[in-house]
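Working through the structure, step by step
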Amino acid sequence: MRHVAALRIGPIGFRIGSDWRAPVAAIEDLYRDYPQPESGIPDFNVHLFAARPWRLLLRPSVHIGGDFVIPDAAPLPLAQGLLAAEMGMNLQMALGQRRYLLLHASAVERDGKALLMTGMSGAGKSTLAALLMAKGWRLMGDEFALLDPATGLIHGFPRLISLKNEAIGVLERALPDARFGPRLEGTPKGTIRHLVPDTRAIVAMAEPAVLRLILFPSYGFAAAERAVLPSETFVRLTQASTNYVALAERGFDALTRLVRETPAHALDYPDTETALDQVERLWA
């Protein structure tokens, strides 16, 4: 790869190589406060490359590769190179991570205790996590929460927060002094803009937390809450994990222990102000 960036997010190190300078420049800018991989050795490699030499210049198309790949995955235009790099890191974690049980969830921390939010795309978990960060919670992660099967602790993985469509304006107003990435139009999920986690999230990203509460938020409904039984929580979290099957007995034991020890609630909300009040009430 002609252009390379390296960084560590929580306990995971990445090396991102690209045939083009622009995606690496964006990563270096937005992740400039992040440390390098431990001992300079990354856990995963991401490759952003042109499938044909002329695709470097003529309608450049970014293919995503690395240590783990999905054959025949559709490329992205170079204007979405940052998104390609983020998707590449997601891909390596989803297909290659074996130390931690991955949960597709947002996580925040207060007083050493973690709150986990997971749900379908569009549930608003990223928006809620970013708004809680604005209110003083420590962001532990937006895309993945890392559960250590040996200790039961949640480890931080504070990537850039991926804001979509209407959520972009909400967070621009809530965090006027925050750092944002470029506005990416026409992506498979509409308009995306990345929010850089605050300083506390980055400085404390190596500090794990005990999981205290699990929420399953759903946006666009009248305000309602209900307790979720451990059996339902277990099924929902297996569906939210990309490597539960690969971890086999370790994954089963870790998740069983988690749902037995952690209360869970389903949360319907019509707007973010209502959701934040619900979260604070349940947390208290």
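Just so you know, these numbers come straight off a predicted model, no measurement behind them.

**Considering helix 8 (residues 272-283)**
Residue pairs three or four apart in sequence face the same way in an α-helix, which turns once every 3.6 residues. In a regular helix each residue adds 1.5 Å, so 12 residues correspond to 16 Å; helix 8 covers 16 Å between its end C-alpha atoms and thus fits that length. Every buried residue belonging to helix 8 is among Ala275, Leu276, Gln278, Val279 and Trp283, and all of these are buried. Looking straight down helix 8, one finds that the buried residues subtend no more than 160° of arc, so they occupy a single side. Tucked inside the fold, the buried residues of helix 8 contact strand 7 (106-110), strand 8 (113-117), helix 3 (125-134), strand 15 (210-219), strand 16 (224-227) and strand 17 (264-269).

**Brief notes about the environment of leucine 237**
Relative to the elements of secondary structure, leucine 237 occurs in helix 6 (residues 230-239). For leucine 237 and leucine 247, which are 10 residues apart along the polypeptide, the C-alpha to C-alpha distance reads 14 Å.

**Things to note about the sheet that holds strand 2 (residues 12-18)**
Strand order across the open sheet formed by five strands is 1-2-3-4-5, with mixed pairing between neighbours. For this open sheet the edge positions go to strand 1 (3-9) and strand 5 (76-77), each flanked by a neighbour on one side alone. Two strands pair when backbone bridges link them, and strand 2 and strand 3 (residues 44-49) are joined in this way by five bridges, in the parallel orientation. Counterpart to serine 18 in the pairing with strand 3 is leucine 48.

**Thoughts on the nonpolar core**
If you look at soluble globular proteins, the nonpolar side chains tend to sit buried side by side. Phe14, Ile27 and Met93 are the most contacted members of the largest nonpolar core, which has 37 residues in total. For this core, the secondary-structure elements that each account for two or more residues are strand 1, strand 2, helix 1 (21-30), strand 3, helix 2 (81-96) and strand 10 (144-147). The dominant element in this core, judged by the number of residues it contributes, is helix 2, at seven residues. Each residue touching methionine 93, except ones within four places of it in the same chain, is listed here: Ile12, Phe14, Phe44, Leu102, Phe144, Leu146 and Phe157. If you look at the next biggest cluster of nonpolar residues, it comprises 27 residues, including Leu115, Trp137, Ile161 and Leu163.

What counts, and where the lines are drawn
- Residues numbered from 1 in each chain as written.
- Predicted model: local features only at pLDDT ≥ 70, side-chain atom pairs only at ≥ 80, totals over all residues.
- Heavy atoms only, no water.
- Helix = DSSP H or I, 4+ residues; strand = E, 2+ residues; numbered from the N terminus.
- Expected span 1.5 Å × (residues − 1).
- Buried < 20%, exposed > 50% of the residue type's maximum accessible area, 1.4 Å probe, protein only.
- Arc of directions from axis to C-beta.
- Contact = heavy atoms within 4.5 Å.
- Pairing = 2+ DSSP bridges.
- Core = buried A, V, L, I, M, F, W, Y, C linked by side-chain atoms within 4.5 Å.

From the geometry alone we can't say anything about function, so treat these as descriptive.
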